[in-house]
Amino acid sequence: MGFDAVALVSGGKDSVMAAMMAQSYGHNIVALANLLPADGDVEELDSHCFQTVGHRAVGVYHELTGLPLFRRKIVGTSAYVEMSYDVCDERVKGDEVEDLRALLAAVVRELPNVRAVTSGAILSDYQRLRVEAVCADLGLTSLAYLWRQPQGLMLETICASDVDAVLCKVAAMGLKPDRDLGRSLVDARGTLYEIESAYGSHCCGEGGEFETLTMDCPLFRRGSLRFEGDPPRVVVTSRDPFAPSAHLAVAAVAVDVKDHTIDPGRLVDVNDVDPPAVTRRRRTIDAFEEVLTSEEAVIGGNARLTRSWRRAGPKFWTVAAAVPVSGPNLAAGSPGGGGGGATPELDDAGAK
């Protein structure tokens, strides 16, 4: 039996596909959550973590799905840009990820049965680690079914899964604002493979080459989205002759109802909710430091490994603690140890 989950949605193809995959694995999507710019006239924020292009369209996703949509304005900035993220660290105050923490905390208060969060992270450790840090703080499980999947496979899977998405931003060699903005992902697929081959870009957009807006998909049980009135305005943000950058400014959208038996979901504004207070918790890096600064402690019973990690130093420990697949599993009984699992073998230089 799966979890009741909230889907983080940006409007893009990846976030809806992640929610759909969670459903296919038995999880129940009971709500949507979205972050948008504090200034409604701004289409795109300088955010390291969140897509905001097309945010006006996301504002009707509760009507498309029949699910409650929790929304919060982003008041923070990309203030803390180190790879790891700890909600207890004083340096993260004012960071945009704290808005995510406040948003998901509000969802949990309203829907206490929620146990998991879906997100569309594919390749960005920066994004994944932040979602996981917030989930760990709130006692939630992060579900990222697209993580590290081959991008060509994901592009084909999305196109084959009845996800109708259009390009709403382009910023890469080989993509042209006047040709490609508003173009369907299915139609643009050949071009995306061509520029990946020619320039080494990412066909699924994980290098920031493009962003999408989902107009329809199986998650939208109640209705589909369409642009209303004049076509969206093209905003050019860089006229670089090789890789121009531009996005669509979506002014108005409408919902075409597919199933009149489904009621629209609620739109829940959580802008008046502060991020929850944090309690200092014991972190993975604390366990590293306790083991590696003690002459007696040994990682997993492996003295050679322990010597290598000691020589590598605290900077390496911090990185390893942030990336679970690279860090040691402490043996039961050692400081911080939960035990179990294979420990990566390092050579004397401390490299795997």
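The coordinates are above.
Residues numbered from 1 in each chain as written. Predicted model: local features only at pLDDT ≥ 70, side-chain atom pairs only at ≥ 80, totals over all residues. Heavy atoms only, no water.

(A) Fine view of the overall build of the chain. Across its full length, the chain carries 11 helices and 12 strands. With 352 residues in all, the chain has 51% of them scored as buried. Pairs at least 24 residues apart make up 72% of the contacts formed inside the chain by residues separated by at least 6 positions. Carbon and sulfur atoms make up 50% of the accessible area of the chain, which totals about 16,100 Å². (Helix = DSSP H or I, 4+ residues; strand = E, 2+ residues; numbered from the N terminus. Buried < 20%, exposed > 50% of the residue type's maximum accessible area, 1.4 Å probe, protein only. Contact = heavy atoms within 4.5 Å. Areas by Shrake-Rupley, 256 points an atom, 1.4 Å probe, with all protein chains shown as cover.)

(B) Main features of helix α8 (residues 185-199). Maximal helix bending in α8 amounts to about 25 degrees, located at Thr191. Residue Gly200 follows α8 closely and has a positive phi angle near 75 degrees. (Bend = angle between axes of the 7 residues up to and from the residue.)

(C) Representation of the pairing of strand β1 (residues 4-8). Of all five residues in β1, four are buried; the element is thus mostly enclosed. In this view, the connection linking β1 to its parallel neighbour strand β2 (residues 28-37) by way of helix α1 (residues 13-24) has right-handed handedness. The pairing of β1 with strand β4 (residues 114-118) spans four bridges and is parallel. Counted as the bridge partner of Ala5 is Ala116 from β4. (Right-handed = clockwise from strand over helix to strand, strands pointing away. Pairing = 2+ DSSP bridges.)

(D) View of helix α10 (residues 303-312). Listed as buried for α10 are Leu305, Thr306, Ser308 and Trp309. Across the axial projection of α10, the buried residues extend over an arc of 160 degrees, all falling on one side. Remark: Gly313 follows α10 within two positions and exhibits a positive phi of approximately 90 degrees. (Arc of directions from axis to C-beta.)

(E) Broad picture of a nonpolar patch on the surface. Together, Met173, Tyr199 and Phe242 give the surface a local cluster of nonpolar side chains, amounting to about 350 Å² of exposed area. Structurally, Phe242 can be placed in the loop between β9 (233-238) and β10 (245-249). A relative accessible area of 60% places Phe242 in the exposed class. (Patch = residues over 30% accessible without salt bridge, like charges linked within 9 Å, V, L, I, M, F, W, Y side chains within 5 Å. Salt bridge = Lys/Arg side-chain N within 4 Å of Asp/Glu carboxyl O.)

(F) Structural context of the pairing of strand β6 (residues 164-171). Counting buried positions along β6 yields six of eight residues, so the element is predominantly enclosed. Where β6 meets strand β7 (residues 210-216), six bridges bridge the pair, whose relative direction is antiparallel. Across the sheet, the residue bridging to Ala165 is Thr214, located in β7. The pairing of β6 with β10 spans three bridges and is classified as antiparallel. From the neighbouring strand, Val170 faces β10, where its bridge partner is Ala246.

(G) Up close: the sheet that holds β10. The four strands lie next to each other as β7-β6-β10-β9, forming an open sheet whose pairing is antiparallel. The open sheet has two edge strands, β7 and β9, and neither has a second partner. The average angle at which neighbouring strand axes cross in this sheet is 30 degrees, direction not considered. When β9 meets β10, the two strands line up antiparallel, connected through five bridges. The residue of β10 that forms the bridge with Ser238 is Ser245. The sheet contacts of α8 involve β6 and β7, and relative to β6 the element is tilted by about 45 degrees. (Axes fitted to C-alpha atoms, helices over the stretch in contact; angles between N-to-C directions.)

(H) The nonpolar core, seen in detail. In terms of nonpolar packing, the biggest core is built from 54 residues, with Tyr61, Leu213 and Leu225 touching the most fellow members. At seven residues, α1 tops the list of elements feeding residues into this core. Contacts of Leu225, omitting those with residues within four sequence positions, involve Ala57, Val60, Tyr61, Leu64, Leu213, Thr214, Met215, Val253 and Ala254. Ala33, Val87, Cys135 and Leu140 belong to the second largest nonpolar core, which has 32 residues in total. (Core = buried A, V, L, I, M, F, W, Y, C linked by side-chain atoms within 4.5 Å.)

(I) Just the packing of helix α4 (residues 97-110) against helix α5 (residues 125-138), in detail. Contact pair α4 / α5: the axes reach a minimum separation of 10 Å and the direction vectors enclose 40 degrees. In terms of orientation, α4 and α5 fall into the oblique class. The hand of the α4/α5 crossing is right-handed. On α5, the residues touching Val97, Leu100, Arg101, Leu104 and Ala105 of α4 are Arg130, Val131, Val134, Asp137 and Leu138. Of the residues that constitute the contact of α4 with α5, the class distribution is seven nonpolar, no polar and three charged. (Parallel < 35°, antiparallel > 145°, perpendicular 65-115°, else oblique. Left-handed = near helix turned anticlockwise from the far one by under 90°. Nonpolar A, V, L, I, M, F, W, Y, C, P; charged D, E, K, R; others polar.)

(J) Focus on unusual backbone geometry. One non-glycine residue, Arg148, lies in positive phi territory at about 60 degrees. Following the sequence through the fold, Arg148 ends up in the loop between β5 (141-143) and α6 (151-160). In this structure, Asp162 takes a positive phi of about 60 degrees despite not being glycine. Assignment of secondary structure puts Asp162 in the loop between α6 and β6. Accessibility expressed as a relative area gives 61% for Asp162, which makes it exposed.

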